[in-house]
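Single-letter residue listing:
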Amino acid sequence: MINLVLFGPPGSGKGTQSVKLQEKYQLMHVSTGDLFRMHMRENTDLGKEAKSYIEKGDLVPDEVTIGMMNAKIESHPEAKGFIFDGFPRTAAQAEALDALLNSKNTPVSKMIALNVPDEELIKRLLLRGKDSGRADDQNEEIIANRIQVYNDKTLPVASYYEKQAKLVEIHGLGSIDDIFNRLCAVIDTLA
Ligand code: AMP
């Protein structure tokens, strides 16, 4: 079983690459951002709560996020492995993920971090905002806050996995296929 944490700032290509990786390695792609947006579309209580944070570019509280993620993992016992996209984003989330996966004897295999400079992130997010309709991709102030939140609260999660010797960093610029090939080169060492 391969469990990957795909890590990187907003706009680093985690979602795009996850879709390709899911297909190639038959892993289940779980994106907390996508799950929150689904709850928002369906106007669930969780969606209503998440909306107030997402529209500012802040993180949804850990207990809500962890509860949603645990339920998602538990509901897919048939999965051959997971690609976690946009999770964990805090140290508490990383600890909760480890606790759940270790209890199933299926620990995180690797965290792969996509390194992309801030100027490129802003450019990509504004471009995506034109098509995606995502309000949080259309406003430069919200984008700046998301990058700030990433630097303050999420970057420490990389050190958490580095201490477990599970962090691999890759260059996140280039064509989608170039980046995909770099990811596959790392994943193929795990099989
Ligand atoms: P994303 O689609 O990953 O860019 O996430 C969109 C927004 O959803 C983020 O800006 C956060 O407000 C929220 N979000 C997604 N994943 C998490 C997470 N793991 N913890 C807290 N908030 C999250």
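Above this text is the structure in question.
The numbers attached to residues start from 1 for each chain and follow its sequence in the written order. Totals for whole chains, interfaces and linings use all residues, but because this is a predicted model, local features are given only for residues with pLDDT of at least 70 and pairs of side-chain atoms are given and counted only at 80 or more. As a rule here, side-chain values come from all non-hydrogen atoms in the structure, and water together with hydrogens is ignored.

This part is about the packing of helix H7 (residues 140-154) against helix H8 (residues 156-163). Fitting a line to C-alpha atoms yields each axis, with helices limited to the stretch in contact; the angle taken between N-to-C directions then spans 0 to 180 degrees. Only runs of H or I of at least four residues qualify as helices and only runs of E of at least two qualify as strands under DSSP, and these elements are numbered from the N terminus. Close contact between H7 and H8 brings their axes to 6 Å; oriented N to C, the two are set at 35°. Of H8, the residues touching H7 (which contributes Asn 151, Asp 152, Lys 153 and Thr 154) are Pro 156, Val 157 and Ala 158. In terms of residue class, the contact of H7 with H8 is built from three nonpolar, two polar and two charged. A contact between two residues is defined here by any heavy atoms of the two lying within 4.5 Å. Under the scheme applied here, ten amino acids are nonpolar (Ala, Val, Leu, Ile, Met, Phe, Trp, Tyr, Cys and Pro), four are charged (Asp, Glu, Lys and Arg), and all others, including Gly, are polar.

Around the ligand there are 16 residues in total, and Thr 32, Arg 37, Asp 58, Gly 86 and Gln 93 lie nearest to it. What qualifies as a polar contact is a pair of N or O atoms within 3.5 Å, subject to a donor-acceptor requirement within protein and to the restriction that residues adjacent in sequence count only when both atoms come from side chains. Gln 93 has a polar side-chain atom sitting 2.9 Å from a nitrogen atom of the ligand. Between an oxygen atom of the ligand and a side-chain N or O atom of Arg 146, the distance comes to 3.4 Å. Each accessible area is a Shrake-Rupley estimate made with a 1.4 Å probe; only the visible protein chains count as cover when residues are assessed. Against a free-state accessible area of 480 Å², the protein chains account for coverage of 96% of the ligand. With respect to the detected pockets, the ligand is housed in the largest pocket. Ranked by residues supplied to the shell around the ligand, first place goes to helix H2 (residues 32-41) with four residues. For the shell around the ligand, a count of residues per class yields five nonpolar, five polar and six charged. We call a residue near a molecule or strand as soon as one heavy atom of that residue lies within 4 Å of the molecule or strand. A cavity here means a set of 1 Å grid points, computed over protein atoms only, where a 1.4 Å probe fits but cannot escape. A pocket is an open set with protein on both sides within 12 Å along at least 5 of 7 lines, and lining residues have an atom within 4 Å of a point. To qualify as sitting in a cavity or pocket, a molecule needs more than half of its atoms within 2 Å of the grid points.

Let us look at empty space enclosed by the protein. Grid points are joined across faces, edges and corners, and a volume is the space filled by probe spheres set on the points. Throughout the structure, instances matching the rule amount to one cavity of 30 Å³ or more. Elements that contribute at least two residues to the lining of the largest cavity include exactly strand S1 (4-7) and H7. Along the lines of polarity and charge, the residues of the lining of the largest cavity split into six nonpolar, three polar and two charged.

It is worth spelling out the nonpolar core at this point. By size, the foremost hydrophobic cluster in this structure holds 27 residues, and its most contacted members are Phe 84, Leu 97 and Tyr 161. At the level of secondary structure, the elements contributing two or more residues to this core comprise S1, H2, helix H3 (45-54), helix H4 (62-74), strand S3 (82-85), helix H5 (91-103), strand S4 (110-115) and H8. Beyond its immediate chain neighbours, meaning those up to four positions away, Tyr 161 contacts Val 5, Pro 88, Ala 94, Leu 97, Asp 98, Val 108, Met 111, Lys 166 and Leu 167. Among buried residues, those of type Ala, Val, Leu, Ile, Met, Phe, Trp, Tyr and Cys that are joined through side-chain atoms within 4.5 Å constitute a nonpolar core. Relative accessibility thresholds used throughout: buried, under 20% of the residue-type maximum; exposed, over 50%; partly exposed, between the two (1.4 Å probe, protein chains only). Among the nonpolar cores identified, the runner-up in size contains 16 residues, and Ile 2, Ile 179, Phe 180 and Ile 187 belong to it.

Pairing of aromatic side chains requires ring centres within 6.5 Å, counting the rings of Phe and Tyr and the six-membered ring of Trp. Pairs whose planes differ by under 30 degrees are stacked, by over 60 edge-to-face, and all others tilted. As enumerated under the stated definition, the model contains three aromatic pairs in all. Summarising the aromatic geometry, the rings of Phe 7 and Tyr 150 are spaced 5.7 Å apart at their centres and angled 40° between planes, so their arrangement reads as tilted. With Phe 7 in strand S1 and Tyr 150 in helix H7, this pair connects stretches of sequence that are 143 residues apart. A residue is classified by how much of its surface remains accessible, and Phe 7, at 4% relative accessible area, is buried. With a centroid separation of 5.1 Å and 80° between ring planes, the pair formed by Tyr 160 and Tyr 161 is classed as edge-to-face.

Read these as spatial facts, not as claims about activity.
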